[in-house]
Amino acid sequence: HHYNLIFDVSTILFQDRLDQDVLKLIVDALNETIQCPVCLGTLRPPLTQCSSGHALCPDCKPQINICPTCRKDFIETKPVVLQQLLDALPRMCLFRTLGCPEVFIPGGTHETLCSYRTVDCKLLDCEWSGQAKKLESHLTVVHNDRTVVLEDETASEIVWRNFNNTEDSFKYIPFVAYGQVFWEYIHMNVEVQKLCISFTRVGNGHTTFKYFAIISFKHNIIGYTYTIKVPIDNNKFVDFYEEHCMTVPGDMLPRFVNQESLLVYSVQIIREDD
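What you see is a predicted model; the values in this text were computed from it and never measured. (Residues numbered from 1 in each chain as written. Predicted model: local features only at pLDDT ≥ 70, side-chain atom pairs only at ≥ 80, totals over all residues. Heavy atoms only, no water.)

Q: For this particular structure, what's the right way to read the sheet that holds strand β2 (residues 55–56)?
A: Consider a sheet: its strands pair through backbone hydrogen bonds, and that pairing is either parallel or antiparallel. Within the open sheet, the three strands sit side by side as β2-β1-β3. Their pairing is antiparallel. Every other strand in the sheet has two partners, leaving β2 and β3 (74–75) as the edge strands with one partner each. Pairing analysis gives two bridges linking strand β1 (residues 48–50) to β2, with the strands arranged antiparallel. By the bridge assignment, Thr48 is partnered in β2 with Leu56. (Pairing = 2+ DSSP bridges. Helix = DSSP H or I, 4+ residues; strand = E, 2+ residues; numbered from the N terminus.)

Given below as structure tokens:
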């Protein structure tokens, strides 16, 4: 029975590898046919086509006025069948030129989380830009004194020095937990008299987990705790009214600022199965 089990598992593993090999062969064979002549990447809907039927990606069309393949004009008719085929066909990752070997069916989250995509360091005095999978190393080496490293579900005390709730100010704080990089964005907005705290996750590859941040303020017997969902980082500023933003009313803030003008609170990041 043990031999049969080993044989069955080996057969499954071999079949999986065979399926991957066949999938890559199909993609390689189709790649030139469905290649955009401008960016040389895989065509992506919604497509624009010329009178001869050559197609372009939506991001490439604004760059040119006539078809780069046959020099004919573009037409308004959309290649519906071709777009449907592209939606059904496996494609290579948008970041393949940066080294990503993945082939996948459209509709997933691979490219959003691809570890080869380019991301920026959000610390205001840093201009680093590089692959998502290298961000953790950059933070823990170059910004070791400013990066919060959490083990499992431990909480860490965060201190904002010289905090003043009458001045508009903001900053980013990098966190590393579960092999992921998280950015905390904390903003004292004087106009609305609220302190906003939000978290985003950079993501360095596919994961089956959801992540949440628990932020707690406490002074003597008075406490203020909130749990927010951590979405994927999209390099945009966080709106105060988005669901993943914690806001602390301005009239509560003086309770949590000590005599040394230190705003102290704790952060815990947890994960659960998706």
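And the narrative resumes.
Q: Whenever I open this one, the side chain of Thr147 confuses me. Can you help?
A: Turning to its location among the elements, Thr147 is positioned in the loop between α4 (135–142) and β8 (148–149). In this structure the side chain of Thr147 is engaged in a polar contact, spanning 3.2 Å, whose partner is the backbone oxygen of Leu139. Aside from chain neighbours lying at most four places away, what touches Thr147 is Leu139, Thr140, Pro174 and Val176. (Polar contact = N/O pair within 3.5 Å; in protein donor to acceptor, adjacent residues only side chain to side chain. Contact = heavy atoms within 4.5 Å.)

Q: Would you take a moment to explain the pairing of strand β11 (residues 180–189) for this structure?
A: One face of the sheet, then the other: side chains in a regular strand alternate in exactly this way. Counting buried positions over the ten residues of β11 gives ten, a clear majority of the element. Judged from the nine bridges that link them, strand β10 (residues 169–177) and β11 form a sheet pairing that is antiparallel. Paired with Phe175 across the bridge in β11 is Phe182. Pairing between β11 and strand β12 (residues 194–201): eight bridges, direction antiparallel. Its bridge partner lying in β12, Ile186 is registered against Ile197. (Buried < 20%, exposed > 50% of the residue type's maximum accessible area, 1.4 Å probe, protein only.)

Q: Even after reading the chapter, I still don't get the nonpolar core, so can you show me in this structure?
A: For soluble globular proteins, nonpolar side chains are generally found buried alongside one another. In this structure, Phe175, Leu195, Phe199, Ile215, Phe217, Tyr265 and Ile269 are the most contacted members of the largest nonpolar core, which totals 30 residues. Going through the elements one at a time, β9 (155–160), β10, β11, β12, β13 (209–219), β15 (245–249) and β16 (263–273) are the ones with two or more residues in this core. Leave out the neighbours within four places in its chain, and Phe217 touches Leu195, Ile197, Ile222, Gly223, Tyr224, Met246, Val248, Phe256, Leu263, Val264 and Tyr265. Core analysis: the next-biggest nonpolar cluster, separate from the first, contains 13 residues, Val119, Ala132, Trp183 and Tyr185 among them. (Core = buried A, V, L, I, M, F, W, Y, C linked by side-chain atoms within 4.5 Å.)

Q: In this structure, what is going on with the packing of aromatic side chains? I would like to understand it.
A: How two aromatic rings sit relative to each other is set out by the distance from centre to centre and by the angle between their planes. Enumeration over the complete set of coordinates arrives at nine aromatic pairs. Considering the side-chain rings of Tyr178 and Tyr211, the 6.0 Å spacing of their centres and the 55 degrees angle between planes classify their relative orientation as tilted. With Tyr178 in the loop between β10 and β11 and Tyr211 in strand β13, this residue pair connects regions lying 33 residues apart in the sequence. Tyr211 shares its class with Tyr178; the two are buried. In this structure an aromatic cluster arises from ring pairing among Phe170, Tyr172, Trp183 and Tyr185. (Phe/Tyr/Trp six-rings, centres within 6.5 Å; stacked < 30°, edge-to-face > 60°.)

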